[in-house]
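# Coordinates in review
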Amino acid sequence: MELIVLKSNLKDGLNVLGKIGFENSTLPILKNFLLETVDNKIKLSATNLEIAITSFIPAKIIKDGELTFPINVISSIINNLQNERVNLEIKDNNLIIKTENYNAKIQGVKKEEFPIIPKIENNKEFIEIESLVLKEALMSVISAAQITNIKPELNGILFDFQYNLLKLAATDGFRLAEKTINENDFKANIEKKIKIIIPLRTIQELIRIIQDKTSEKIQIYLDSNQILFKTDRFEIISRIINGEFPDYRVIIPEATLTEVNINKNELINALKLTSSFTDRLNEIKFNIKDGVKNIEIYSASSLLGENQYLIPAKIKGDAVEIIFNWKFLFDGIKNIEGDNIIIGLNNDNKPVIIKPLNNQEYFYILMPVKNE
């Protein structure tokens, strides 16, 4: 193999791979990445045997080839090169890196010893969506997911395709988030409903790789046990979780006794301030009194003291006093779009529903902390 590539492009390609292979330390080959030339591009691949990530970068290909190398060594070299133009050449299972003032030779491992990157069986039916739309939706629900050994079906995000809409949901048993992506924001040629659970780690890697400033179209392919996210720049293929996601519709409050319309940023500031006095249980108290136009947020610590914060709000319904885990509450509101949110309360042991004002595409449900 012989080629010329820009340092910035090679750096971006390696950054896409991240450190996915370092999780399985029992297999040293997984700390390598596969470097090969395909269709006049450089193709870089890494895997931890559960997820495989591939990136594609432009280059001037003089001679095709393939070999695997330690990703940490190559990344360290590329990140510290001063010259933008980089020459790569494979000779006798070694990678030779050359610039105007630098020369290195790194021992490689043959491709045959690297795990086979899986391929999706169904490559005709797909969902296409803008990357920033997908990233925003995933970020709005991912905080409600949690790694658990007790219920594997909770270790991921529900991907529920229903022809004209796509629902994403996550729960850890104490909180639940659901985001709906309407048909105007994606297109699909899939002729059946699909409901699968995507592993949390896969979602975390996808969020990491999607660029914040530049949107690109992502195509999503599915088969019986895998999902593929594909763009011109990268591919992520992952297993899906076997199991049935909980029927969370049964816990969505049909009505609430108290409804609060409150400014999101003021509530965020109040939570950050009053949380300074919480202990390891992260408890804060909401107190809504009859006839008032504000919420009192209160927290106390036996070691530090106590504090309270009054936030103006539009309140309908009954007085209520309710305790939350402030971190769980914060996770639910931080990614909500818009200035105001609606908080629907019942009593101190019933689910609370939080959603944007005049927007039915997102909601977050949180169980209060029981007041012993």
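For the structure given in this document, a descriptive report is provided here. Note that the structure is predicted; figures quoted are calculated from it, not measured. (Residues numbered from 1 in each chain as written. Predicted model: local features only at pLDDT ≥ 70, side-chain atom pairs only at ≥ 80, totals over all residues. Heavy atoms only, no water.)

What follows is about the overall build of the chain. Looking only at helices and strands, the chain has six helices and 27 strands in total. Along the three orthogonal principal directions, the C-alpha set of the chain runs to about 80 × 50 × 35 Å. Put simply, the chain has 372 residues, and 52% of those count as buried. Sequence-distant contacts, at least 24 apart, represent 67% of the contacts inside the chain between residues at least 6 apart. Roughly 19100 Å² of accessible area belongs to the chain as shown, and the carbon and sulfur atoms make up 46% of that amount. Separation between the mean location of the 46 positive side-chain charges and that of the 50 negative ones in the chain comes to 4 Å. (Helix = DSSP H or I, 4+ residues; strand = E, 2+ residues; numbered from the N terminus. Buried < 20%, exposed > 50% of the residue type's maximum accessible area, 1.4 Å probe, protein only. Contact = heavy atoms within 4.5 Å. Areas by Shrake-Rupley, 256 points an atom, 1.4 Å probe, with all protein chains shown as cover. Lys, Arg positive; Asp, Glu negative; His and termini not counted. Charge placed at Lys NZ, Arg CZ, Asp CG, Glu CD.)

This next bit is on the packing of helix H5 (residues 264-274) against helix H6 (residues 326-333). The interhelical angle for the contact between H5 and H6, taken along N-to-C directions, is 155°, at an axis separation of 11 Å. The angle between the axes of H5 and H6 places the two elements in the roughly antiparallel class. Crossing geometry of H5 relative to H6 is assigned as left-handed. Contact with H5, carried on its side by Lys264, Leu267, Ile268, Leu271 and Lys272, involves Trp326, Leu329, Phe330 and Ile333 of H6 and no other residues of that element. (Axes fitted to C-alpha atoms, helices over the stretch in contact; angles between N-to-C directions. Parallel < 35°, antiparallel > 145°, perpendicular 65-115°, else oblique. Left-handed = near helix turned anticlockwise from the far one by under 90°.)

Turning next to the packing of aromatic side chains. Within this structure, the stated rule accounts for seven aromatic pairs. Between phenylalanine 286 and phenylalanine 324, the ring centres sit 5.1 Å apart and the planes meet at 80°, which makes this aromatic pair edge-to-face. Remark: phenylalanine 324 occurs in strand E24 (residues 320-325) and phenylalanine 286 occurs in strand E20 (residues 283-288); sequence separation between them is 38 residues. For phenylalanine 324, a relative accessible area of 1% corresponds to the buried category. Ring centres 6.2 Å apart and planes at 65° place the aromatic pair tryptophan 326 and phenylalanine 330 in the edge-to-face group. Note that tryptophan 326 and phenylalanine 330 are positioned in helix H6 at a spacing of four residues, about one turn of the helix. Both residues of the pair, tryptophan 326 and phenylalanine 330, belong to the buried class. Here the aromatic cluster, defined as three or more aromatic residues joined through ring pairs, consists of Phe161, Tyr163 and Phe186. Over the ring of phenylalanine 328 we find arginine 175; its NZ or CZ atom is 3.8 Å from the centre of that ring. (Phe/Tyr/Trp six-rings, centres within 6.5 Å; stacked < 30°, edge-to-face > 60°. Lys NZ or Arg CZ within 6 Å of the ring centre and 35° of its normal.)

Taken together, the five strands give an open sheet; going across it, the order is E5-E1-E7-E8-E9, and neighbouring strands pair in antiparallel fashion. Taken across any chain shown, the strands that pair with only one partner, and hence form the sheet edges, are strand E5 (60-63) and strand E9 (103-107). Ignoring strand direction, the axes of neighbouring strands in this sheet form an average angle of 20°. Where strand E8 (residues 94-98) lies against E9, five bridges are found, and the strand directions are antiparallel. In the sheet register, lysine 98 faces E9, and the bridge partner there is asparagine 103. Contacts from helix H1 (residues 7-17) reach strand E1 (2-6) and strand E7 (85-91), with the element oriented near 90° to E1. Those strands touched by helix H2 (residues 71-80) are E8 and E9, and its axis lies near 170° from that of E9. (Pairing = 2+ DSSP bridges.)

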